[in-house]
Amino acid sequence: MNRLSVGERALILHSLCEGMSMRSCERVFRKPFGTISRIVREVGDWAIDHQRNLAPVTCDRIQVDELWSFVGENDRRSALKRGDGGVSWVYLGVDRRTSLVITYHIGLRGKVDATKFFRKLDNSLAKDASGDFICRPTIASDGMKAYRDAAEIVFADRVNFGQYSKIYTDTDDNEEPTPRSKFAGAHRLIVIGQPALEDITTWRVERENGFVRQSNRRLTRKTNAFSKALEYHERQLAISIMFRNYCWIPRPKRPTDGSSSWVKRVPAAIECGLTDRVWTPEDMIVAADEFIARQGKSEPSLEQPTARDQEKRFWVVHQPYHQKAMIHKAECSSCKGGLGRMDGSSKITFWCGLPTLEEATALAAEKEPDEHKICKKCLGQYNTLTRYGRRL
Ligand SMILES: [Zn+2]
């Protein structure tokens with residue numbers, strides 16, 4: 001197979017991380033669009049996997065925020081949709097000291113996705129043998145109410161949590177600032193524990209929002225470069241975050257001790273001890289190639305069923321990656337007795353068959369406390385009626 005060299009692919013990847021769109025890479029490098037999208041696909045899948053399996057980090061101050069983005073169509077054109085299109089908020093959790101992007105989440109703005117995001121954040125912080133945080137972190141967010149509920153569900157009293165709500169001179173019905181409104185101060189609200197008031201602020205994560213928008217062309221407002229598919233939206237986001245954490249060298253800092261030499265800095269991942277060297281886009285390409293080669297060889301999971309089992313009348317479909325669980329009847333066309341649409345070959349979906357609906361519901365709730373539901377097709381009201389209006 002004809003493949004571009006590592007150097008050529010690294011140059012394309014670097015351009016994608018510096019705010020070029022896939023179409024502009026196609027024109028500038030004179031390569032087919034499929035070549036560019038393959039780079040995003042392969043490096044993106046590796047970056048997502050890498051970000052999910054990041055070694056736990058110890059952070060004392062964390063700032064969280066969400067930024068607006070969309071896939072396919074935005075909220076002016078369509079009602080909010082979950083799944084493969086519409087508005088997708090990008091949640092970021094950033095370490096205040098090093099500006100490491102600890103974790104991200106893509107979802108809607110609200111309690112369910114805020115909770116999922118906090119669970120991811122919880123999993124990426126270092127804990128000692130008894131399960132407590134090594135360093136009790138102070139988390140600061142903006143004024144969104146969903147964060148308060150999510151923090152109480154996920155962290156209870158294991159963290160200090162405060163909210164920084166900005167006040168604007170003029171707001172619309174949704175309490176969003178109108179274009180002409182001015183900043184008129186902020187409230188600092190202590191929600192959990194006793195955070196220091198000066199730590200309840202979100203400037204660092206807002207600066208990171210700026211970086212993500214600037215380096216990722218898909219998030220540039222009012223252009224045609226927006227994402228057309230959710231998979232690629234997440235891949236490019238993970239690539240940008242990876243690039244920011246491992247490759248990006250911040251500008252030297254102005255000296256504070258009166259000397260004339262500016263202080264040199266290193267990428268955030270080095271400061272947090274995740275790596276000991278500055279990564280280059282070439283390193284990302286090589287690591288992605290190894291990841292793709294490894295993936296091709298991996299064995300199917302043992303949890304996969306082999307045949308239809310009469311005892312197992314209800315199936316829980318668990319997608320840990322998407323943090324979702326759904327319950328089907330065995331005869332449902334989306335389930336096929338636990339074989340599913342992919343005939344059991346999917347590596348990110350797990351099926352578990354149970355004899356009763358109660359047991360299935362309990363398992364689904366245990367696996368995914370935030371988002372578990374019944375299939376509308378086989379178990380919902382939706383399909384208890386036939387085409388002619390008779391109940392089955
Ligand atoms: Zn179903």
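Provided above is the structure to which this section pertains.
What counts, and at which threshold
- Along every chain, residues carry numbers that run from 1 in the direction the sequence is written.
- pLDDT decides what is reported in this predicted model: residues at 70 or higher carry local features, side-chain atom pairs at 80 or more are listed and counted, and totals for whole chains, interfaces and linings draw on all residues regardless.
- Here the side-chain values reflect all heavy atoms present in the structure, with hydrogen atoms and water set aside.
- A run of H or I in DSSP counts as a helix once it spans at least four residues, and a run of E counts as a strand once it spans at least two, with each numbered from the N terminus.
- For the exposure calls, accessible area comes from a 1.4 Å probe over protein chains only, and a residue counts as buried if that area is under 20% of its type's maximum, exposed if over 50%, partly exposed in between.
- Throughout, a contact is declared for two residues whenever any of their heavy atoms are within 4.5 Å.
- Residue exposure ignores everything except the shown protein chains as possible cover, and the areas themselves are Shrake-Rupley values with a 1.4 Å probe.
- Two rings from Phe, Tyr or Trp (for Trp, the six-membered ring) form a pair when their centres are within 6.5 Å of each other. A pair whose planes differ by under 30 degrees is stacked, one over 60 is edge-to-face, and the rest are tilted.
- For a ring to carry a charge above it, either NZ of a lysine or CZ of an arginine must fall within 6 Å of the ring centroid while also lying within 35 degrees of the normal to the ring plane.
- Strand pairing is assigned whenever DSSP detects at least two bridges linking the two strands.
- Assignment of crossover handedness uses the view with strands pointing away from the viewer, where a clockwise path from the first strand over the helix to the second indicates a right-handed crossover.

## Examining the overall build of the protein chain
Working step 1: Summing up its helical and strand segments, the protein chain has 10 helices and 12 strands in all.
Working step 2: Looking at the protein chain as a whole, 45% of its 392 residues qualify as buried.
Working step 3: Taking as baseline every contact in the protein chain between residues at least 6 positions apart, the subset at least 24 positions apart corresponds to 61%.
Working step 4: For the protein chain, the accessible surface area stands at approximately 21,500 Å², while carbon and sulfur atoms represent 50% of it.

## Focus on the packing of aromatic side chains
Working step 1: Tallied over the full model, the rule gives 14 aromatic pairs.
Working step 2: Plain terms: the ring middles of Phe133 and Phe155 are 6.3 Å apart, the flat faces sit at 50 degrees to each other, and that makes the pair tilted. Taken together, the residues Phe133 in the loop between helix 4 (111-123) and strand 6 (138-141) and Phe155 in the loop between helix 5 (145-154) and strand 7 (160-168) connect sequence positions 22 residues apart. The pair formed by Phe133 and Phe155 is uniform in burial state, with each residue classed as buried.
Working step 3: Ring centres of Phe211 and Trp248 lie 4.7 Å apart, and the angle between their planes is 75 degrees; this geometry places the pair in the edge-to-face category. Of this pair, Phe211 sits in helix 6 (residues 203-215) while Trp248 sits in the loop between helix 7 (230-246) and helix 8 (268-271), and the two are 37 residues apart along the sequence.
Working step 4: The class of Phe211 is buried, set by a relative accessible area of 6%.
Working step 5: The partly exposed category is assigned to Trp248, whose relative accessible area is 29%.
Working step 6: Joined through ring pairs, the aromatic side chains of Tyr91, Phe117, Phe118, Phe133, Tyr147, Phe155 and Phe161 make up one cluster.
Working step 7: Lying over the aromatic face of Trp89, Arg109 brings its terminal NZ or CZ to 4.7 Å of the ring centre.
Working step 8: Seen from the ring of Trp279, Arg277 lies directly overhead, with NZ or CZ sitting 4.9 Å from the centre.

## Some points on the pairing of strand 7
Working step 1: As paired elements, strand 6 and strand 7 share four bridges and run parallel to each other. Bridging from a neighbouring strand, Ile139 pairs with Phe161 of strand 7.
Working step 2: Crossover connection from strand 6 via helix 5 to parallel strand 7: handedness right-handed.
Working step 3: Taken together, the seven bridges between strand 7 and strand 8 (residues 183-192) define a ladder with antiparallel strand orientation. Counterpart to Tyr168 in the pairing with strand 8 is Phe183.

No statement about biological role is implied by the geometric values presented.
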